[in-house]
Amino acid sequence: MLESKAAITSKSKTHDHNDSQYQVGVVKRYGLLVVMVLLSIMAILWHIWWLALLAMILVFVGIYDLVQSKHAVLFNYPILGHIRYFLESYRPEIRQYFLEDDKEQVPFSRQQRALVYQRAKNVSDTLAFGTLDDLYAKDKEWFLQSQTSHHLDVEDFRIIVGNERCKQPYSMSVFNISAMSFGSLSGHAIMALNQGAKMGGFAHDTGEGAISPYHRKFGGDLIWEIGTGYFGCRNENGNFDAELFVENAKQEQVKMIEIKLSQGAKPGKGGVLPAGKITKEIALTRLIPMGEDCISPSTHSAFSTPRELVHFWQQLRELSGGKPVGFKLCIGQPWQFMAIVKAMIEEDNYPDFIVVDGAEGGTGAAPVEFMDSFGMPLIDGFLLVHNTLVGANIRDKIKIGVSGKIISAFDIAKMLALGADWCNSARGFMFAVGCIQSRTCHTNTCPTGVATQDPYRQMALDVPSKSERVANFHKNTIKSLANFVGAVGLSHPYDLHPYHVARRMNDGSIKLLSRCFYFMDKGALLNMNARADIYNQMWAMADPDSFKADNEAYVAYNHDSQNTHKKNQLHDNHPQFPIDV
């Protein structure tokens, strides 16, 4: 059937309307380029040479945009597209300074950053007119103050790390600098951190990038972290070199040795330092070649089983002259950690400490999928480690440190209340030396000179003043921790317990943390008698001679427990942790 005349007329009008729209769009998109062409001509005729030069540069930019094919935005919006990309490059700063809410954590809120800056600068950190928190929000937590609260005037809280095999125990602060490597951080940042640690009497973890000249300059206490690349103690093939290890480990400045199994920023993946950030100093420090990406393997070559790991830390203990040796990990498959614990017990050889790194960690650059979707968060990982050691009846032999988005006295007090022995902070101390959370650590263009190897950008970081800020941040945070402890009516952070902290639940009710999380009975795993049966199951899967799960033992345990009715019926269908009982 033929279309009616009215329909044809209507279509014609629509087509004309669309054409006019397209024509207007073309004018909007290319109008600025045309204006620049006309302006350059007029400026030449009027002899305004600076304006002519500027307009001609923009004309050439516009022509380039039209002939290139990689960026559709630039092709469709010559010159204007660059404005879009320019503004996008400053999006984090625009959001952070003008749009971000004071409590919005991306990953640290403006209020959290301000707290560090104020304490680092030694100025008042008090606020007025009430809290910005919603005290009735779910998961809101608070400490329960005592009628016997009192003032505590202490300079630092310290602990002794080192078991009976350790010949040189170390007295360390409960708050220390977490692992950050030279290479990831600038030499100026490393010097400021280490001098601040020296001034404040606390420890500075080297990260896996070895001990650099910047770590040594001021003599602050070091925890030497050894990762899968064995930087600073590796041979030409990248394997562990005992002689090079001894040279560094026996230095007076090195107080403890830490074997890095995994880290929170990228658990299950080795570190990468791009070739563009590798200087001659970094190459000499790490003992790596220039001009190549520095890639840490995902796993260690010095050991391949839990039992071999036990032998390795004993080797390091002996080579270092009896200094405390431990390991750091972000918990992944729980039975693998339990396998290490079984190997400890069978070998009767225990690390002096374990550092639990939460998946919240993030100073190391990593793929988004690894940052967002791998590794166990700090509290869950810590409780798994703590409960396993308690259940194996060896908790008193091993100190546990924790790291992962710990920045305030509340964060420290809460983790100590849950059972940790000390806390580490990386990004907190980065803020203290001037970090503004631009999130460009991996680009070598850090605006404050903290995470770059650009010598000119580093010049902005004044070591003497920033080291004072590092020491101030530690001192004032410890002072606030003392206020927390005194307000609860206690005299030391180790007197804090989970029942001193309350949490508002999803239904609006209030529970003490002692009821929010599962805490193991002492020695329960040795009899396969944990109240949360998932722990018994994972313990059965743990093999001291392999990091693989022992599925046959798991099946046998389930068969036996079903036959003897030992299963905890309340949790049969909920194999997760922590388990609320």
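Right above here is the structure, for reference.
Residues numbered from 1 in each chain as written. Predicted model: local features only at pLDDT ≥ 70, side-chain atom pairs only at ≥ 80, totals over all residues. Heavy atoms only, no water.

Enquirer: Give a detailed account of the overall build of the protein chain, specifying residues and quantitative values.
Expert: Across its full length, the protein chain carries 21 helices and 15 strands. When the 581 residues of the protein chain are sorted by exposure, 49% land in the buried category. A sequence separation of at least 24 residues applies to 69% of the contacts in the protein chain between residues at least 6 apart. Working note: accessible area of the protein chain is about 28,100 Å², and carbon and sulfur atoms make up 56% of it. (Helix = DSSP H or I, 4+ residues; strand = E, 2+ residues; numbered from the N terminus. Buried < 20%, exposed > 50% of the residue type's maximum accessible area, 1.4 Å probe, protein only. Contact = heavy atoms within 4.5 Å. Areas by Shrake-Rupley, 256 points an atom, 1.4 Å probe, with all protein chains shown as cover.)

Enquirer: So what about helix α7 (residues 187–200)? Which residues, and what values?
Expert: The end-to-end C-alpha separation of α7 is 20 Å, in line with the 20 Å expected for 14 residues at 1.5 Å each. Burial runs high along α7: ten of the 14 residues are buried. Those residues of α7 that sit buried are Gly187, Ala189, Ile190, Met191, Ala192, Leu193, Asn194, Gln195, Gly196 and Ala197. Directly after α7, the chain includes Gly201, whose backbone phi takes a positive value near 70°. (Expected span 1.5 Å × (residues − 1).)

Enquirer: Tell me about the pairing of strand β2 (residues 158–161), and name the residues and values.
Expert: Going residue by residue along β2, you find Ile159 and Val161 tucked away on one face and Arg158 and Ile160 left uncovered on the opposite face. Relative to strand β3 (residues 170–173), β2 runs antiparallel, the two sharing four bridges. Looking at the pairing, Arg158 lines up with Ser173 of β3. (Pairing = 2+ DSSP bridges.)

Enquirer: Describe the packing of aromatic side chains, with residues and values.
Expert: Evaluated as defined, the whole model comprises 17 aromatic pairs. For the ring pair Phe143 and Phe484, a centre distance of 5.3 Å and an interplane angle of 75° mean the geometry is edge-to-face. Placement of Phe143 in strand β1 (residues 141–143) and of Phe484 in helix α18 (residues 463–487) is noted, with a sequence separation of 341 residues between them. Note on Phe484: relative accessible area 24%, which makes it partly exposed. Look at Trp224 and Phe245: their rings are 5.3 Å apart centre to centre, the planes differ by 15°, and that puts the pair in the stacked class. Of this pair, Trp224 sits in strand β6 (residues 222–226) while Phe245 sits in helix α9 (residues 242–249), and the two are 21 residues apart along the sequence. Like Trp224, the residue Phe245 is buried in the burial classification. Here the basic side chain of Arg286 rests over the ring of Phe231, its NZ or CZ set 5.0 Å away from the ring centre. (Phe/Tyr/Trp six-rings, centres within 6.5 Å; stacked < 30°, edge-to-face > 60°. Lys NZ or Arg CZ within 6 Å of the ring centre and 35° of its normal.)

Enquirer: Tell me about the pairing of strand β11 (residues 353–357), and name the residues and values.
Expert: Counting buried positions along β11 yields five of five residues, so the element is predominantly enclosed. Residue alternation in β11 divides its side chains into two sets, Phe353, Val355 and Asp357 and Ile354 and Val356, and both sets are buried. Inspection of the sheet shows strand β10 (residues 325–329) paired to β11 by four bridges, in the parallel sense. If you follow Leu329 over to β11, its bridge partner there is Val356. In the classification by handedness, the crossover that spans β10, the intervening helix α12 (residues 334–347) and the parallel β11 is right-handed. One ladder, built from five bridges, connects β11 with strand β12 (residues 399–403); its direction is parallel. Bridge assignment links Val356 to a residue of β12, and that residue is Val402. (Right-handed = clockwise from strand over helix to strand, strands pointing away.)

Enquirer: Quick one: what's the story with the sheet that holds β1, residue by residue and with numbers?
Expert: The strand order β1-β14-β15 describes an open sheet built from three strands, whose pairing is antiparallel. Strands with a single pairing partner mark the edges of an open sheet, and in this sheet they are β1 and β15 (510–512). With strand direction ignored, the average angle separating the axes of adjacent strands in the sheet is 30°. Against the sheet, helix α15 (residues 409–418) touches β1 and β14 (501–504), its axis set at about 80° to β1. (Axes fitted to C-alpha atoms, helices over the stretch in contact; angles between N-to-C directions.)

Enquirer: Can you explain unusual backbone geometry? Please cite residues and give values.
Expert: At Ala210, a residue that is not glycine, the phi angle is positive and equals roughly 80°. Counting through the fold element by element, Ala210 comes out in the loop between β5 (204–205) and α8 (213–216). According to the relative accessible area criterion, Ala210 is buried, its value standing at 1%. One non-glycine residue with positive phi stands out, namely Leu287, at about 65°. Assignment of secondary structure puts Leu287 in the loop between α10 (280–286) and β9 (294–295).

Enquirer: Tell me about the nonpolar core, and name the residues and values.
Expert: By size, the foremost hydrophobic cluster in this structure holds 131 residues, and its most contacted members are Phe337, Met344, Ile354, Met415 and Tyr535. Of the residues forming this core, the biggest block, eight residues, is contributed by helix α14 (residues 378–391). Look past the residues within four positions of Met415 in its chain and what remains in contact with it is Leu378, Ile379, Phe382, Val402, Ile406, Ala420 and Cys423. (Core = buried A, V, L, I, M, F, W, Y, C linked by side-chain atoms within 4.5 Å.)

Enquirer: Mind laying out the packing of helix α11 (residues 306–319) against α12, listing which residues take part and the relevant values?
Expert: Packing of α11 against α12 leaves a shortest axis separation of 8 Å and a crossing angle of 60°. For the element pair α11 / α12, the angle class is oblique. Between α11 and α12 the crossing geometry is right-handed. Contacts from Pro306, Arg307, Leu309, Val310, His311 and Trp313 of α11 reach α12 at Ala339, Ile340, Ala343, Met344, Glu346 and Glu347. (Parallel < 35°, antiparallel > 145°, perpendicular 65-115°, else oblique. Left-handed = near helix turned anticlockwise from the far one by under 90°.)

Enquirer: Outline the packing of α7 against α18, supporting the account with residue identities and numerical values.
Expert: The N-to-C vectors of α7 and α18 enclose an angle of 50°; their axes lie 7 Å apart at closest approach. Relative to α18, the element α7 lies oblique. The handedness of the crossing between α7 and α18 comes out as right-handed. The residues of α18 that touch α7, namely those facing His188, Met191, Ala192, Leu193, Gln195, Gly196, Ala197, Met199 and Gly200, are Val463, Pro464, Lys466, Ser467, Glu468, Val470, Ala471 and His474. Counted by class, the contact of α7 with α18 contains nine nonpolar, six polar and two charged residues. (Nonpolar A, V, L, I, M, F, W, Y, C, P; charged D, E, K, R; others polar.)

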